[in-house]
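Summary of the model geometry
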Amino acid sequence: MSASIKAVTVLGATGSIGLSTLDVLSRHTDRFRLYAVTANTQVEKMAEICRNYRPEVAVMADTASAEQLKKLLQNEIEVTILGGAEALSEVASAEPVDVVMAAIVGSVGLMPTLSAARAGKRILLANKEALVMAGHLFMSEVEKHGAELLPIDSEHNAIFQCLESNYQRELTTQGLNNEGPESKGVAKILLTGSGGPFREYPLDKFDEITPEQAVAHPNWSMGPKISVDSATMMNKGLELIEACWLFNVSHDDVEIVLHKQSIIHSMVAYNDGSVLAQMGNPDMRTPIANALGWPERISSGVEPLDLIQVSQLNFEKADENRFPCLRLARQAIQRGGTSMAILNAANEVAVQAFLQSQIAFTHIAELIEQTMNNIPHQQTDSLQQILADDQAAREFVNHQLSLMSADC
Ligand code: NDP
């Protein structure tokens, strides 16, 4: 096998980003081979992936699911099947691996993504929660171990594309030691967001919003958790935090701009008055192909953009009264330390409860705010403290949930 063919691990292969990544990889078998794929419990979907894409290793974080997968695929195809959370880190840091797509949803993605950084891999980061929880630590580990970090979130990938190529190189490897975009004439980052399904929905009906309505995003097809985050606009809040770490900027240097068509994926304003935008159809295969091929451009399978058909691009200000999660995310950045891990953990538990119809849509922000006001944060980037505060926030929200269900 040619030495220039890169071995790839896809963490979260059964998800929306994972499947899009497998699609792009399958278009470039002369450049990439699939080393490992991972999932949690979706055994049938994983079996199908193994049959279609033939990885060397398949990991199910849930050990009972790993046993089921073994039974399903035995005598059918040759694949090493591993079970358990530690195996996620093993395949993220394994010696033959060059590239790791970090696309597990939520804080469980932190440890395998950190392992990939510590093993000096090229990391394609979709799992924004890892950076939100442990941004300082994560960026330091990337720099210390010679890893390369490329953003997958469409907005951050767009910002990356709007920066000059020498600076892109610095950004991927230097963690927080890069000089910052200001030194390259950047005046402001414009982080765009569609505003989700409830941008114009009557505010007095917000407490009646159902999980089905919330996951039906007008422009993007995504997993359930990020779809709800888009509906509350916590996704934009998490992305604001992500942008601060990735591009070494303060939250004041980032303006959130609502752009309902999702054609412009973000912009960079320079001090000579130029504003560069990256555009494309809303399909995650574009940022995935961009990061896989970087610094080269490779095909993604995405339909070419027809601007005549799009015809209009609109912009408006984000309303923090309508979307309190935006305000809470800014507050967490201002507080610093583990407050972002606390915000993230409270959001994960509250979103799960909403998806299970235990709470109303409006309770999500309320629970996060209560958690931030009750769980003290620490000014540290110690992994132990981050995980302890994450746990404390989860316990607090679960306790509130039990009180709420007792009240019903
Ligand atoms: P999905 O819900 O579609 O997929 C999540 C993946 O994570 C699945 O493979 C799932 O496995 C796996 N997973 C879930 N829980 C665990 C666990 N406890 N241990 C190990 N693996 C687990 O999510 P998305 O693809 O939508 O999102 C993935 C990440 O990418 C998120 O962080 C999201 O914010 C980010 N992102 C997503 C975008 C999108 O367009 N979807 C855009 C930008 C960022 P199983 O299927 O077995 O449950």
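Residues numbered from 1 in each chain as written. Predicted model: local features only at pLDDT ≥ 70, side-chain atom pairs only at ≥ 80, totals over all residues. Heavy atoms only, no water.

Re the overall build of the protein
We apply this condition: In DSSP terms, a helix is any run of H or I states spanning at least four residues, a strand is any run of E spanning at least two, and both are numbered starting from the N terminus. Relative accessibility thresholds used throughout: buried, under 20% of the residue-type maximum; exposed, over 50%; partly exposed, between the two (1.4 Å probe, protein chains only). Contacts are assigned to residue pairs with any non-hydrogen atoms lying within 4.5 Å of each other. Here the Shrake-Rupley method, with its probe set to 1.4 Å, supplies the accessible areas, and only the displayed protein chains count as covering residues. Charged residues are defined narrowly, with Lys and Arg counted positive, Asp and Glu counted negative, and His plus the chain ends left uncounted. Lys charges are placed at NZ, Arg charges at CZ, Asp charges at CG and Glu charges at CD.
In terms of helices and strands, the protein carries 17 helices and 12 strands. Dimensions of the protein along its principal axes, counting C-alpha atoms only, are 60 × 60 × 45 Å. Buried residues in the protein amount to 56% of all 408 residues. Nonlocal contacts in the protein, meaning residues at least 24 apart in sequence, comprise 68% of its contacts between residues at least 6 apart. In the structure as shown, the protein presents an accessible area of about 17,100 Å², 46% of it carried by carbon and sulfur atoms. Put simply, the protein has 30 plus and 50 minus side-chain charges, and the middle of one group is 3 Å from the middle of the other.

A word on the pairing of strand β4 (residues 80-83)
Quick note on the threshold: For two strands to pair, DSSP has to find at least two bridges joining them.
Bridge analysis of strand β3 (residues 57-60) against β4 gives 4 bridges, and the strand direction is parallel. Within the sheet, the bridge partner assigned to A58 lies in β4 and is I81.

Quick word on the sheet that holds β4
Counted only if it meets this: Axis definition: a line fitted to C-alpha atoms, over the contacting stretch in the case of helices. Angles run 0 to 180 degrees between N-to-C directions.
Read across the open sheet, the 7 strands follow the order β4-β3-β2-β1-β5-β6-β7; overall the sheet is parallel. The strands lining the two open edges of the sheet, one partner per strand, are β4 and β7 (148-151). Here the average twist between neighbouring strands, direction ignored, is 20 degrees. Looking at chain direction, strand β1 (residues 6-11) and strand β5 (residues 99-102) are connected through 4 bridges and run parallel. Residue pairing for β5: L11 is matched across the bridge by A102.

A few points about the site of the ligand
Selection criterion: Throughout, near means a residue has at least one heavy atom within 4 Å of the molecule or strand. Within 3.5 Å is the distance limit for a polar contact, defined as a pair of N or O atoms, with the added protein rule that one can donate a hydrogen and the other accept it, and that residues adjacent in sequence qualify only through two side-chain atoms. Residues are grouped as follows: Ala, Val, Leu, Ile, Met, Phe, Trp, Tyr, Cys and Pro are nonpolar; Asp, Glu, Lys and Arg are charged; every other residue, Gly included, is polar.
The immediate surroundings of the ligand are formed by 26 residues, with T14, N40, T41, Q42 and E129 found nearest. In the model, an oxygen atom of the ligand is placed 3.3 Å from a nitrogen or oxygen of the G12 main chain. Within the backbone of G15, a nitrogen or oxygen atom sits 3.3 Å from an oxygen atom of the ligand. Against a free-state accessible area of 900 Å², the protein chains account for coverage of 88% of the ligand. Elements supplying a minimum of two residues to the shell around the ligand: α1 (16-26), α6 (128-144) and α10 (224-232). Of the residues belonging to the shell around the ligand, the class tally is 14 nonpolar, 9 polar and 3 charged.

Observations concerning the sheet that holds strand β10 (residues 264-270)
Spatially, β11-β10-β8-β9-β12 is the arrangement adopted by the 5 strands of the open sheet, whose pairing is mixed. One side of each edge strand has no neighbouring strand; the edge strands of this open sheet are β11 (275-279) and β12 (316-317). Taken together, the 5 bridges between β10 and β11 define a ladder with antiparallel strand orientation. Considered in β11, the bridge of S266 is made with Q278. Each of β8 (186-193) and β9 (254-258) is contacted by helix α11 (residues 234-247), which is oriented at about 150 degrees to β8, the strand it contacts most.

A look at the pattern of salt bridges
What counts here: Throughout this description, the term salt bridge denotes a Lys or Arg side-chain nitrogen within 4 Å of a carboxyl oxygen of Asp or Glu.
As enumerated under the stated definition, the model contains 25 salt bridges in all. Salt-bridge contacts for E148 lead to R122; the nearest nitrogen and oxygen are separated by 3.0 Å. One end of the pair, E148, is in strand β7; the other, R122, is in strand β6 (residues 122-125), with 26 residues separating them in the sequence. In this structure R122 comes out as buried when scored by relative accessible area, which is 11%. Put simply, K128, D153, E155, K236 and E239 are held in one network by salt bridges that share partners.

Some words on the nonpolar core
Using the following cut-off: Buried Ala, Val, Leu, Ile, Met, Phe, Trp, Tyr and Cys residues form a nonpolar core when they are joined through side-chain atoms within 4.5 Å.
Ranked by internal contacts, the top residues of the largest apolar core, which has 135 residues, are F138, F247 and L343. In terms of residue count, helix α15 (residues 339-355) provides more of this core than any other element does, 11 residues in total. With near-sequence residues (within four places) excluded, F138 lies in contact with T113, L114, A117, I123, L125, L131 and L149.

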